[in-house]
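For reference, the chains in residue letters:
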Amino acid sequence: MNTINKTMNKTIKLITLGVLFSQSMAVNAATEVNPEHKGRNDYFAKSYQPLCAMPTKVIATASTLDAASQQEFILDKQLGFETKLNAKGETYIQLAIKEWDEKFIVGVTPKVQVTMAGADVLGADIVNLQCEKQNQNQYLTHLNTHEWGSYTLKLTGKPNEAVKVQIITTDM
């Protein structure tokens, strides 16, 4: 009888630990979606939704900042690419911005960082909740340039990682 009680106590402790562990995993999985993401998704829904289904084309992008100027893309409403980061986990895309005070949203593969010298970052690493129905994960960065001209988008992630980049202009 004593052996049965000890076995039962161990079993109960293991079950309790298992439940606590699974609950902590559920909380950790949900931490990426915070109230700010929810609020931004509600406010920018009309801008975020087209990013979920935006067509992309496969391109080879520049591995260095210097090489980026050899391949410039005109940002006219939207752009969609699939590319690969270099062995350092970087790629560069030069954008021709045609308008003063251009605001745009860059959607990328999760955990890929987006930077652009000369542009203001108005929000970064925002989970696009609008793409849940398409089973597509996407992180968003809001950028604003104040003048027209050439700007280089730098993407940083894992070495040789395949990434999807979708850009849409917005007036918000």
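In this text the structure is predicted, and so the values were computed from the model without any measurement. (Residues numbered from 1 in each chain as written. Predicted model: local features only at pLDDT ≥ 70, side-chain atom pairs only at ≥ 80, totals over all residues. Heavy atoms only, no water.)

Asks: Before we go on, may I ask you to explain the overall build of the protein in this structure?
Replies: Along the backbone of the protein there are four helices and 10 strands. Reading the protein from its N terminus to its C terminus gives the helix and strand order α-α-α-β-α-β-β-β-β-β-β-β-β-β. Looking at the protein alone, contacts between residues at least 24 apart form 77% of all its contacts between residues at least 6 apart. Of the roughly 10,400 Å² of accessible surface on the protein, a fraction of 57% belongs to carbon and sulfur atoms. (Helix = DSSP H or I, 4+ residues; strand = E, 2+ residues; numbered from the N terminus. Contact = heavy atoms within 4.5 Å. Areas by Shrake-Rupley, 256 points an atom, 1.4 Å probe, with all protein chains shown as cover.)

Asks: Quick question: what am I supposed to make of the nonpolar core here?
Replies: Within soluble globular proteins, side chains that are nonpolar generally end up buried alongside one another. Counting residues in hydrophobic clusters, the biggest one holds 26 residues, and the most contacted among them are Leu95, Phe104, Val106, Leu153, Leu155, Val165 and Ile167. Mapped by element, the contributors of at least two residues to this core are strand S2 (72-75), strand S3 (78-84), strand S4 (90-97), strand S5 (102-108), strand S6 (113-116), strand S8 (139-145), strand S9 (149-156) and strand S10 (162-170). Once residues within four sequence positions are removed from consideration, valine 106 is found in contact with Val114, Tyr139, Leu140, Thr141, Leu143, Leu153, Val165, Gln166 and Ile167. With eight residues, the next largest nonpolar core counts Leu51, Met54, Ile105 and Ile168 among its residues. (Core = buried A, V, L, I, M, F, W, Y, C linked by side-chain atoms within 4.5 Å. Buried < 20%, exposed > 50% of the residue type's maximum accessible area, 1.4 Å probe, protein only.)

Asks: Help me out: how do you make sense of unusual backbone geometry in this one?
Replies: In most cases, non-glycine residues show a negative phi, while peptide bonds are predominantly trans. Positive phi, close to 75°, is recorded for lysine 77, a residue that is not glycine. As for its placement among the helices and strands, lysine 77 is situated in the loop between S2 and S3. Its identity is not glycine, yet asparagine 160 carries a phi of approximately 60°, on the positive side. Turning to its location among the elements, asparagine 160 is positioned in the loop between S9 and S10. Note on asparagine 160: relative accessible area 43%, which makes it partly exposed.

Asks: Looking at this structure, I do not really get the pattern of salt bridges. What am I missing?
Replies: Oppositely charged side chains can pair when the atoms bearing their charge come close. Under the defined criterion, the tally for this structure stands at four salt bridges. When the shortest N-O distance is used, the salt bridge between aspartate 42 and lysine 38 registers 3.0 Å. Of this pair, aspartate 42 and lysine 38 are both found in helix H2 (residues 35-43), four residues apart, which corresponds to roughly one turn of the helix. Aspartate 101 serves as the salt-bridge partner of lysine 103, at 3.0 Å between the closest nitrogen and oxygen. Accessibility expressed as a relative area gives 39% for aspartate 101, which makes it partly exposed. (Salt bridge = Lys/Arg side-chain N within 4 Å of Asp/Glu carboxyl O.)

Asks: Help me understand the pairing of S8 in this model?
Replies: Here is the key point about a regular strand: its side chains alternate between the two faces of the sheet. Counted residue by residue, S8 has seven buried out of seven residues, so it is predominantly covered. Of the two faces of S8, the one lined by Tyr139, Thr141, Leu143 and Thr145 and the one lined by Leu140, His142 and Asn144 are each fully buried. Note that S5 and S8 share seven bridges and pair antiparallel. Bridge pairing links isoleucine 105 to histidine 142 in S8. (Pairing = 2+ DSSP bridges.)

Asks: Explain the sheet that holds strand S1 (residues 57-58) here, please?
Replies: Within a sheet, each strand pairs with its neighbour through backbone hydrogen bonds, oriented either parallel or antiparallel. As summarised here, the arrangement of the six strands in space is S1-S3-S10-S5-S8-S7, forming an open sheet in which the pairing is mixed. In this open sheet, the two strands that pair with only one neighbour each are S1 and strand S7 (120-127). Two strands pair when backbone bridges link them, and S3 and S10 are joined in this way by seven bridges, in the antiparallel orientation. Bridge assignment links glutamine 78 to a residue of S10, and that residue is isoleucine 168. Along the sheet, H2 makes contact with S7 and S8, crossing S7 at roughly 105°. (Axes fitted to C-alpha atoms, helices over the stretch in contact; angles between N-to-C directions.)

Asks: Mind showing me how you'd approach the side chain of glutamine 166 here?
Replies: Summarising the element assignment, glutamine 166 is placed in strand S10. Using a relative accessible area of 1% as the deciding quantity, one classes glutamine 166 as buried. Among the polar contacts made by the side chain of glutamine 166, one reaches the main-chain carbonyl oxygen of leucine 51 at a distance of 3.1 Å. A distance of 2.6 Å separates the side chain of glutamine 166 from the side chain of glutamine 138, its partner in a polar contact. (Polar contact = N/O pair within 3.5 Å; in protein donor to acceptor, adjacent residues only side chain to side chain.)

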